[in-house]
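Commentary on secondary and tertiary structure
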Amino acid sequence: MEETVEDPPTSAVLLDHCHFSQVIFNSVEKFYVPGGDVTCYYTLTQQFIPRRKDWIGIFRVGWKTTREYYTFMWVSLPVDLNSDSAKQQEVQFKAYYLPKDDEYYQFCYVDQDGVVRGASIPFQFRPGNEEDILVVTTQEELETLKSTAQKLEQEAKAQKDGWETELLQLKEQNQKMSSENEKMGVRVEQLQAQLSTREKEMEKLVQGDQDKQEQLERLNKENSQLLLTLTQQKERQKKLEQTVEEMLKQEETTTLKKQQALKEPRNKTTAVEEQLVQEVERLQAKVEAGKACFLEKYRECQRLHKQIRQLRAAALEVKQDQKSQQEPMGMGSQEPADENAGLSRKLSENKIIYDALQKEKERLERENDLLKRENSRLLSYMGLDFDSLPYQVPTSDQGGAGQNPALVYGNPYSGIQESSAPSLLAVKKCPTCKSDFAGDILDFTSEQQHPQPLCLSCPICDKTFPAKEKQIFEDHVFCHSL
């Protein structure tokens, strides 16, 4: 029987693979008397180093593997392996655990790998021969032996109870560990579910950011197209200027010819007058053509302005969406804000181009006025009456050409100026505080910082619209300029 709960390390190593000469057993008796403790003496050789799990067992002669031990004892490690006293070791087996039969047994030293490192000569557990030893047992010694046997039984019972108690404690600890493992497994599953949820949310945010990036790229492409269109309009405006210059040169040439014709005899006056009237009609046709071209350019400018407003509204919406997404994410990326700033700069450049077109239009109007005054001067020089001309100047309620009777064919742009008097710049007046946004036609940040009114009032017909119908209000005001 064993003295501890833990079993010694054994193996199924055959006898051919054992090293019996590394541990030598000394002073082994031929037989040991049953009922007494047995001390085993052994010597460690220099080639062998003992370890903590080494043990000495009592084996019945004829054993095959180290698992066939009858009882065993753990060996004690020496303090200094180099000393001579460390080589001589001993271990004591209690009488209670020794065999009770008279079979042959032997001591075997087994290391912690289950390999036999030494074996003793065989011995028996039997009383000595009567010829050799005379055992005299008195009544007192018998009682002493009985009391010793009872003590050993009590010790064995106490040790057995201790082992059972320790086994119960180990079972309880095992149950606690199992419950803790189950709790940890549930916690791990919860954490994994939270992690998967966070990953899905992150994927949604990344997808939303990609959509906003695509929308910004699309807006940039539209802005580039608008810039290209404005460049084309500027080229057309230059061509129109060249046409007007050519008309002025032709008019100067015609004026010189008319002056020369006036110096000729009086009989050619009628023919000259007819030619002059034809020339005036031709100039009138050119002026009408220029007026139609200018109207077309003006409508194109209005359309571009409407597209710019739509682009501005879309950029504002993108900026608001990105701001709403960046608030829960903490410190996000600054690239969308930089792109919005670039978009604002491009819109400011569109504003500058628009102002340049407005100035060019005013310059053409001034040149047209000069042309009309020159025609009037020529007619007065020829002595023709304004009322006798086949074409009369169109009248206007607001004056227009009627305020300048010296213009022969009237101001072809007067209708445009009157219809567009409440220009798009006037549309940007705040209906609440009457603040003028004319200087911020393309700067949507000024309107964004301005307090929003409860209703929108048309500056032309005083018609009111709810604040949420801003697009309908802008379309209404834009209709006045057509």
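Residues numbered from 1 in each chain as written. Predicted model: local features only at pLDDT ≥ 70, side-chain atom pairs only at ≥ 80, totals over all residues. Heavy atoms only, no water.

Comments concerning the overall build of the protein chain
- Along the backbone of the protein chain there are eight helices and eleven strands.
- Scored against the burial criterion, the 482 residues of the protein chain give a buried share of 33%.
- Within the protein chain, contacts between residues separated by at least 24 positions form 69% of all contacts whose residues are at least 6 apart in sequence.
- For the protein chain, the accessible surface area stands at approximately 31100 Å², while carbon and sulfur atoms represent 51% of it. (Helix = DSSP H or I, 4+ residues; strand = E, 2+ residues; numbered from the N terminus. Buried < 20%, exposed > 50% of the residue type's maximum accessible area, 1.4 Å probe, protein only. Contact = heavy atoms within 4.5 Å. Areas by Shrake-Rupley, 256 points an atom, 1.4 Å probe, with all protein chains shown as cover.)

A few points about the sheet that holds strand β1 (residues 23-26)
- The strand order across the open sheet formed by three strands is β1-β3-β6, and the pairing between neighbours is antiparallel. Each having just a single partner strand, β1 and β6 (88-93) make up the two edges of the open sheet. On average, each strand axis in the sheet is inclined to that of its neighbour by 30°, with strand direction left out of account.
- Pairing analysis gives six bridges linking strand β3 (residues 38-44) to β6, with the strands arranged antiparallel. Each residue of the ladder has a partner; that of Thr43, found in β6, is Gln88. (Pairing = 2+ DSSP bridges. Axes fitted to C-alpha atoms, helices over the stretch in contact; angles between N-to-C directions.)

Details of the layout of surface pockets
- Space inside the second largest pocket adds up to approximately 330 Å³.
- Lining of the second largest pocket is provided by 14 residues; of these, Gly35, Ala95, Thr148, Ala149 and Leu152 occupy positions nearest its centre.
- Here the lining of the second largest pocket is built from residues that sort into six nonpolar, four polar and four charged. (1 Å grid on protein atoms, 1.4 Å probe; cavity = no way out; pocket = protein on both sides within 12 Å on 5 of 7 lines; lining within 4 Å. Points joined across faces, edges and corners; volume = space filled by probe spheres on them. Nonpolar A, V, L, I, M, F, W, Y, C, P; charged D, E, K, R; others polar.)

Notes on the packing of aromatic side chains
- One pass over the structure, following the stated rule, counts 20 aromatic pairs.
- Taking the centre distance of 5.2 Å and the plane angle of 90° together, the rings of Tyr96 and Tyr97 count as edge-to-face.
- A residue is classified by how much of its surface remains accessible, and Tyr96, at 39% relative accessible area, is partly exposed.
- Ring pairing ties together the aromatic residues Phe25, Tyr32, Tyr42, Phe48, Tyr70, Phe93, Tyr105, Phe107, Tyr109, Phe123 and Phe125, which thus form one cluster.
- In this arrangement the basic side chain of Lys53 is found over the ring face of Trp74, its NZ or CZ atom lying 5.3 Å from the centre. (Phe/Tyr/Trp six-rings, centres within 6.5 Å; stacked < 30°, edge-to-face > 60°. Lys NZ or Arg CZ within 6 Å of the ring centre and 35° of its normal.)

Looking at the state of the cysteines
- Using the criterion set out here, one finds zero disulfides in the structure.
- For Cys40, which is in no disulfide, the shortest distance to another cysteine sulfur is to Cys108 and amounts to 9.8 Å.
- With no disulfide partner, Cys461 has as its closest neighbouring cysteine sulfur the one in Cys458, 3.6 Å distant.
- Given the relative accessible area of 37%, Cys461 is considered partly exposed. (Disulfide = S-S within 2.5 Å.)

A look at the nonpolar core
- Core analysis: the largest hydrophobic core is formed by 21 residues, its most contacted members being Phe25, Tyr42, Ile56, Phe93, Phe107, Tyr109 and Phe125.
- Of all elements in the fold, only β1, β3, β4 (55-60), β6, β7 (104-110) and β9 (123-125) reach the threshold of two or more residues within this core.
- When residues in this core are grouped by element, the largest group, four residues, is from β3.
- Leu230, Cys301, Val318 and Leu347 belong to the second-largest nonpolar core, a separate cluster that totals twelve residues. (Core = buried A, V, L, I, M, F, W, Y, C linked by side-chain atoms within 4.5 Å.)

Points about the environment of Val38
- With respect to the helices and strands, Val38 occurs in strand β3.
- Val38 gets classed as buried once you look at its relative accessible area, which sits at 1%.
- Sequence separation of Val38 and Val28 is ten residues, and the distance between their C-alpha atoms is 10.0 Å.
- Look past the residues within four positions of Val38 in its chain and what remains in contact with it is Tyr32, Val91, Gln92, Phe93, Leu98, Phe107 and Phe125.

Observations regarding a negative patch on the surface
- There is a patch of like negative charges on the surface, built from Asp209, Asp211, Glu214 and Glu217.
- Positionally, Asp211 belongs in helix α2 (residues 139-263). (Patch = residues over 30% accessible without salt bridge, like charges linked within 9 Å, V, L, I, M, F, W, Y side chains within 5 Å. Salt bridge = Lys/Arg side-chain N within 4 Å of Asp/Glu carboxyl O. Lys, Arg positive; Asp, Glu negative; His and termini not counted. Charge placed at Lys NZ, Arg CZ, Asp CG, Glu CD.)

Section: a nonpolar patch on the surface
- A cluster of nonpolar side chains, Met202, Leu205 and Val206, forms an exposed patch at the surface whose accessible area comes to about 240 Å².
- Take Met202: it is sitting in helix α2.

Brief notes about empty space enclosed by the protein
- According to the stated counting rule, one finds five cavities of 30 Å³ or more in the structure shown.
- Roughly 100 Å³ of internal volume is contained in the largest cavity.
- At the level of secondary structure, the elements contributing two or more residues to the lining of the largest cavity comprise α2, α3 (269-326) and α4 (335-382).
- Ranked by the residues each element gives to the lining of the largest cavity, the list is headed by α3, at four residues.

Things to note about unusual backbone geometry
- Not every positive phi belongs to a glycine, and Ser27 is a case in point at roughly 55°.
- Structurally, Ser27 can be placed in the loop between β1 and β2 (31-32).
- Even without being glycine, Asp462 reaches a positive phi, approximately 60°.
- On the basis of relative accessibility, which here comes to 59%, the residue Asp462 falls in the exposed class.

Here we look at the pairing of strand β8 (residues 116-119)
- Strand direction decides the pairing type here: β7 and β8, joined by three bridges, are antiparallel. Opposite Cys108, over in β8, you have Ala119 as the bridge partner.
- Counted between consecutive antiparallel strands, the loop separating β7 from β8 contains five residues, among which Gly114 sits at a positive phi close to 85°.

Looking at the pattern of salt bridges
- Under the criterion given, the structure shown has nine salt bridges.
- The partner of Asp111 in a salt bridge is Arg117, and the shortest N-O contact between them spans 3.0 Å.
- The class for Asp111 is buried, based on a relative accessible area of 0%.
- Taken together, the salt bridges that share partners define one network made up of Arg51, Asp111, Asp113 and Arg117.

Examining the confidence of the model for the protein chain
- Predicted confidence across the protein chain gives a mean pLDDT of 76, with 74% of residues reaching 70 or more.
- Ranking the helices and strands of the protein chain by mean pLDDT puts β4 first, with 95, and helix α6 (residues 424-427) last, with 40.
- Of the regions scoring below 50 in pLDDT, residues 412-428 engages in 38 contacts with residues more than four places distant in sequence or in other chains.
- Scored below 50 in pLDDT, residues 437-449 shows 29 contacts in the model against residues more than four places distant or in partner chains. (pLDDT = per-residue confidence, 0-100.)

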